[in-house]
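Each chain, letter by letter, is given below.
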Amino acid sequence: MKPAQFETHEPNTVEEAVSLLESLDDRAILAGGQSMVPMLRFRLAVPETVIDINAIDGLDYLEEDDEWLRIGALARHADVEESDLVAEQYGSFADTAPLVADPQIRNRGTVAGAIAQADPKGDWGSVLLAHEGEIVAQGPDGERVIPAADFFLLPYDTTLDENELITEIRVPTPAPREGSAYHKLKRKVGDYAMAGSAARLVLDEDGRIETATIGLTAVDITNVRATDAEDHLEGERPGSEVFKRAGELAAEQSNPESDEHGDAGYKERMVNVLTQRALGDAAERAGLVKRRVSQ
Amino acid sequence: MTDTREITLTVNGTEHTIDVEPRQLLVHAIREELDLTGTHIGCDTGNCGACTVLKDGKPIKSCLMFATQADGSELMTVEGMEDLPEAGDDLHPLQEGFREEHGLQCGYCTPGMIMSGKALLDENPDPNEEEIREAISGNLCRCTGYQNIVRSIEYAAEELEEGEIAAADGGVVTDADGSTITPAELTDEDGEFDCGVENCCGGPTTDREHDSVSGGERE
Ligand SMILES: Cc1cc2nc3c(=O)[nH]c(=O)nc-3n(C[C@H](O)[C@H](O)[C@H](O)COP(=O)(O)OP(=O)(O)OC[C@H]3O[C@@H](n4cnc5c(N)ncnc54)[C@H](O)[C@@H]3O)c2cc1C
Ligand code: FES
Ligand code: FES
C-alpha cells in the first residue's frame, strides 16, 4: 500500500528540526525509515507532515571520549557493526549490530530510531539498559538527558516529549574489568528476537562481581532489566553456578507471551539460557575468567 | 493537495531528473518513472529484499525509502550490471553465475540477490560461504533453497578473480609469478587473442557470437 499524502520538511540543523516540531501539529520524524516507512505504508501513521532529519549535518557520529561512547542520531546500525572501537571495547554492541535485521536494513536504520521506536522486540533497548545508558534529547527548552531506565513506558511509547528530538544515545566508557555481551534467539536470520539477553559485568580487583546489569528483549511489554538476577550476582564470583541461578531469576522475572513462535514457558527457558550465555561471555570479556563459563 | 518535487538521480550512470510526490517510494520511482522494472516488489514489509538496489554503493531496500531521500545520490539497479566493465560484451559474471549454477527458478528474487551479491563482492572479493549467506540474509527466495544462489555468487567471485589476474591495466596480463605479459605475446600466429584464462571472453578479435545479453541461452 502507498502511504497517504503528506508534506516533507528536511531541516538542516537540530534547532530547525525542533522548531518545526514545535510549530507543526500533525507531524512525524523520519530517520532511517526502516520502521517509519512500513508504518506509513500500512497507515498506522498518517501524519500531515514528515520531518526527514537525514539532512542534518554532524549527527552521524560514533565516537568515544573519556566518559562516554556517543552514538549520534544518524549513526546507522551498520556504522556500529563496522566500528573498530566497538569491536574492541563494547562487546554487547559488537554482538548486537550484526543481529539486527539484515544488511540492507542496517545500512539505513539508526540506533536512535530503534530506541525511539521502543519496540519491546528491539535489540538496542536491552543493550542500552544493561549499559545504564542515556538518551540525549533536544527540545524547545534545550537539552534533556533521560536515563535509559526511565525511557521505555509501553510498547512504542516512551517518555520522550513530543517536541523533542533525540540527538544522541550514549553509554559510559567501560570500567577496568568490565565485559558485556548480547545473545539473541530468533527464528531465522534477520528476524526480530523471540528472546534476547544483554549482560554487563564489572569485576572488582578480587574478581568478584561489583556490578551486574542485565537487559531483556521481547519478553515483556518493554525492554526490561532483570533486577533479581542482578542482585543475586553482585558480590559473587563469576561461575556456572551463580550464572545458572541468575538465568533462573531472569526467567522468573520475565513475562513473555505465547505466540506462533513458541509458548511462554519455552521463552522463559530461553531467557534462562541466553542470560547464562551472555553472562559467560561478559565474564570472559571482563578479563578475569579464562574460558566461557557456561554454554 | 500535495506538491511534487523535482529530484535528480544518477541511475546506472545516467542522470535523470524526475518529479515525485513526497510519498512516492524509491522503488516506485525506479519502476514507474524510470521504467526500470528489473527491481521487483515482493512484500509490503521490508522483509523480502526483491527491491534491493545499491545507493551510493550500499545495498538498501528501495521500498523502505522515499524517492526524495535519494535526491542527488547514485543508484545502481540490476539493469546496470551488463554495462559494468567486468561484464565485457556479455553478462556480468554474477548474472552468468546465476545461469551457470541454476541460481534461479522463477527469477523473482534474482535482481535483489544479484544486487546483494554485487555489494558483497565489491567489499569482499573472496567471501566464504557463511559470508555469502549473511550478505543475502535480507533476500528471500521461495524457490531455490539458496544452495545454488550461494554457488552462483561463488562462481562470480572466482570469475572476477580470474578476470582480475587477467585484467589489464591497458591489456597487460600479470602472470602468476607477477611478471607481466603484453597483449602481443598473447596473440598466436593466426592473430587470435588468448589470455590463458579458461572460458576466455575471446578478447578483442573474436566475433561476438556469444549469448545475447537479454535472452541468453537456456540449458
Ligand atoms: C524486516 C525488518 C526487520 C527488523 N529486524 C529488527 C531486529 O531484528 N532488531 C531490531 O532491533 N530492529 C529490527 N528492525 C527495526 C530496525 O532496527 C529499524 O531501523 C529501527 O527500529 C528504526 O530505526 P530507523 O532509524 O529506521 O527509524 P525510523 O523508522 O525512521 O523511525 C522509527 C520511529 O522513531 C522515531 N524517531 C526516529 N529517529 C528519531 C529521533 N532522532 N528523535 C526522535 N524520534 C525519532 C520516528 O519518528 C519513528 O516513530 C527491523 C525492521 C525491519 C523492516
Ligand atoms: S519489496 Fe522491498 S523488501 Fe520486499
Ligand atoms: S527464484 Fe523464485 S523466488 Fe527466488
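Residues numbered from 1 in each chain as written. Chains lettered and ligands numbered in written order. Predicted model: local features only at pLDDT ≥ 70, side-chain atom pairs only at ≥ 80, totals over all residues. Heavy atoms only, no water.

This part takes up the packing of aromatic side chains. All names here are of chain A. Counted under the stated rule, the structure contains four aromatic pairs over all chains. Ring centres 5.3 Å apart and planes at 85 degrees place the aromatic pair Phe151 and Phe152 in the edge-to-face group. A relative accessible area of 0% means that Phe151 is categorised as buried. Members of the aromatic cluster, each reached through a chain of ring pairs, are Tyr90, Phe93 and Trp124. Positioned over the ring face of Trp68 is Arg170, at 4.3 Å from the centre of the ring. (Phe/Tyr/Trp six-rings, centres within 6.5 Å; stacked < 30°, edge-to-face > 60°. Buried < 20%, exposed > 50% of the residue type's maximum accessible area, 1.4 Å probe, protein only. Lys NZ or Arg CZ within 6 Å of the ring centre and 35° of its normal.)

On to the side chain of Asp123(A). Residue and element names in this part refer to chain A. Here Asp123 is to be found in helix H8 (residues 123-130). Judged by relative accessible area, Asp123 falls into the buried class, the value being 6%. For Asp123, the side chain forms a polar contact with the side chain of Tyr182, separated by 2.6 Å. The residues contacting Asp123, other than those within four sequence positions of it, are Thr96, Leu99, Val100, Tyr182, Lys184, Ala193 and Thr217. (Helix = DSSP H or I, 4+ residues; strand = E, 2+ residues; numbered from the N terminus. Polar contact = N/O pair within 3.5 Å; in protein donor to acceptor, adjacent residues only side chain to side chain. Contact = heavy atoms within 4.5 Å.)

One pass over the structure, following the stated rule, counts 25 salt bridges over all chains. Taking the shortest distance from any N to any O, the salt bridge between Arg200(A) and Glu132(A) comes out at 2.9 Å. In this pair, Arg200(A) sits in strand E12 (residues 195-203) while Glu132(A) sits in the loop between H8 and strand E6 (134-139), placing the two residues 68 residues apart along the sequence. Arg200(A) gets classed as buried once you look at its relative accessible area, which sits at 7%. Asp71(B) is paired through a salt bridge with Arg5(B); the nearest N and O atoms lie 3.2 Å apart. (Salt bridge = Lys/Arg side-chain N within 4 Å of Asp/Glu carboxyl O.)

Residue and element names in this part refer to chain A. One open sheet holds the three strands; their spatial order is E1-E3-E2, and the pairing between them is parallel. Across the chains shown, the open sheet's two edge strands, defined by having one partner strand only, are strand E1 (7-9) and strand E2 (27-30). Averaged over all pairs of adjacent strands, the angle between strand axes in this sheet comes to 25 degrees, irrespective of strand direction. Looking at chain direction, E1 and strand E3 (residues 49-52) are connected through three bridges and run parallel. Each bridged residue has a counterpart across the sheet, and for Thr8 the counterpart in E3 is Val50. (Pairing = 2+ DSSP bridges. Axes fitted to C-alpha atoms, helices over the stretch in contact; angles between N-to-C directions.)

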